[in-house]
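Report on the structure
This is what each chain is made of:
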Amino acid sequence: MEGGGGGTLSEIYQSAKKLLMRAQDGIERLERLENSTSSGGLDSPELSFAVKKDISQVLSLCSDMDRLWRSVQAKPQRDLWRRKVELVAEEAGSLKESLDRYFARNQRRMKEAQERAELLGRANGDSSHVLRIFDEEAQAMQSVHNSKRMLADSLSTGAAILSKYSEQRERLKRAQRKALDVLNTVGLSNAVLRLIERRNRFDRWIKYFGMLITLVVLYFLMRSSG
């Protein structure tokens, strides 16, 4: 079994695990830099961009693996791979949340530093000190710009993944309709058919609700970075 990138399911899984480890290490380094008293909580745009890129790659690989594990013939192995892919996706989601929280804290520090600069400038007119603070703020603004770009990339990746899951849902619905046609031809009772239809409507509402929640979360992420 090979994916769109030419790798087997096992190879893609190993690549995703390596990327997860590198992203985890990157986030830990960002947090150490943030908590360093000597650096004053400075940001590292290059490191944060690299971490974000790794997480996006993992999410993309999860989409490939989600397609590949379904073609595994043996059910025990298929179930095992399904769980492995789910765990990788959960780890990637957790790291993405940690990175998003880091971006939010960085924005807050930028705003607070700007307010301090304005107060100090009005209080004593110490131009050298104010210039130093604004230099730090310029760095913070660049970091925010990078954060917005990363969030936009995340939105694009999330939309692509959601689209793939929607396509899979449509295939399942077509299979259900075919099954209903077969059951109807063999004389299954109307009561059972109505029960199946109600379940199908319930699943459809769950799908719409899940899509709505996803869009709302992405919207607030974009709005909080603005």
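Residues numbered from 1 in each chain as written. Predicted model: local features only at pLDDT ≥ 70, side-chain atom pairs only at ≥ 80, totals over all residues. Heavy atoms only, no water.

Attention now moves to helix α1 (residues 9–35). The periodicity of an α-helix, 3.6 residues per turn, causes residues three or four places apart in sequence to face the same way. Taking 1.5 Å as the rise per residue, α1 with 27 residues should run 39 Å; its terminal C-alpha atoms sit 39 Å apart, in good agreement. Turning to α1, its buried residues are Leu9, Ile12, Tyr13, Ala16, Leu19, Leu20, Ala23, Gly26, Ile27, Leu30 and Glu34. (Helix = DSSP H or I, 4+ residues; strand = E, 2+ residues; numbered from the N terminus. Expected span 1.5 Å × (residues − 1). Buried < 20%, exposed > 50% of the residue type's maximum accessible area, 1.4 Å probe, protein only.)

Under the defined criterion, the tally for this structure stands at ten salt bridges. With a shortest N-O distance of 2.7 Å, Arg105 and Glu34 are connected by a salt bridge. One end of the pair, Arg105, is in helix α3 (residues 75–124); the other, Glu34, is in helix α1, with 71 residues separating them in the sequence. Its salt-bridge partner being Arg83, residue Glu90 comes within 3.7 Å of it at the nearest N-O pair. You can call Glu90 partly exposed: its relative accessible area is 46%. By sharing partners, the salt bridges in this structure join Arg82, Arg83, Glu86 and Glu90 into a single network. (Salt bridge = Lys/Arg side-chain N within 4 Å of Asp/Glu carboxyl O.)

Okay, the nonpolar core next. In terms of nonpolar packing, the biggest core is built from 29 residues, with Leu9, Val51, Ile55, Val58, Met65, Val88 and Leu99 touching the most fellow members. Put simply, the parts of the chain that give this core at least two residues each are α1, α2 (45–68) and α3. (Core = buried A, V, L, I, M, F, W, Y, C linked by side-chain atoms within 4.5 Å.)

Taking the UniProt record as the reference, the feature "transmembrane region" (unreviewed entry) is found at residues 205–222. Split by type, residues 205–222 is 100% helix and 0% strand. Its first and last C-alpha atoms lie 26 Å apart. (UniProt positions renumbered as here; feature names shortened; annotations may be inferred.)

We now examine a nonpolar patch on the surface. A surface patch of nonpolar side chains, amounting to about 390 Å² of accessible area, comprises Leu212, Val216, Tyr219 and Phe220. The residue Tyr219 is located in helix α5 (residues 190–225) in this model. (Patch = residues over 30% accessible without salt bridge, like charges linked within 9 Å, V, L, I, M, F, W, Y side chains within 5 Å. Areas by Shrake-Rupley, 256 points an atom, 1.4 Å probe, with all protein chains shown as cover.)

On the surface, a cluster of positive charge is contributed by Arg171, Arg174, Arg177 and Lys178. In this structure, Arg174 sits in helix α4 (residues 127–185). (Lys, Arg positive; Asp, Glu negative; His and termini not counted. Charge placed at Lys NZ, Arg CZ, Asp CG, Glu CD.)

The next point concerns α2. The end-to-end C-alpha separation of α2 is 35 Å, in line with the 34 Å expected for 24 residues at 1.5 Å each. By the criterion of burial, α2 is predominantly enclosed, with 17 of the 24 residues buried.

A few words on the packing of α1 against α2. Where α1 contacts α2, the axes come no closer than 9 Å and their chain directions differ by 155 degrees. When the axis of α1 is compared with that of α2, the two are roughly antiparallel. The handedness of the crossing between α1 and α2 comes out as left-handed. Across the contact of α1 with α2, the residue classes tally to 16 nonpolar, four polar and four charged. (Axes fitted to C-alpha atoms, helices over the stretch in contact; angles between N-to-C directions. Parallel < 35°, antiparallel > 145°, perpendicular 65-115°, else oblique. Left-handed = near helix turned anticlockwise from the far one by under 90°. Nonpolar A, V, L, I, M, F, W, Y, C, P; charged D, E, K, R; others polar.)

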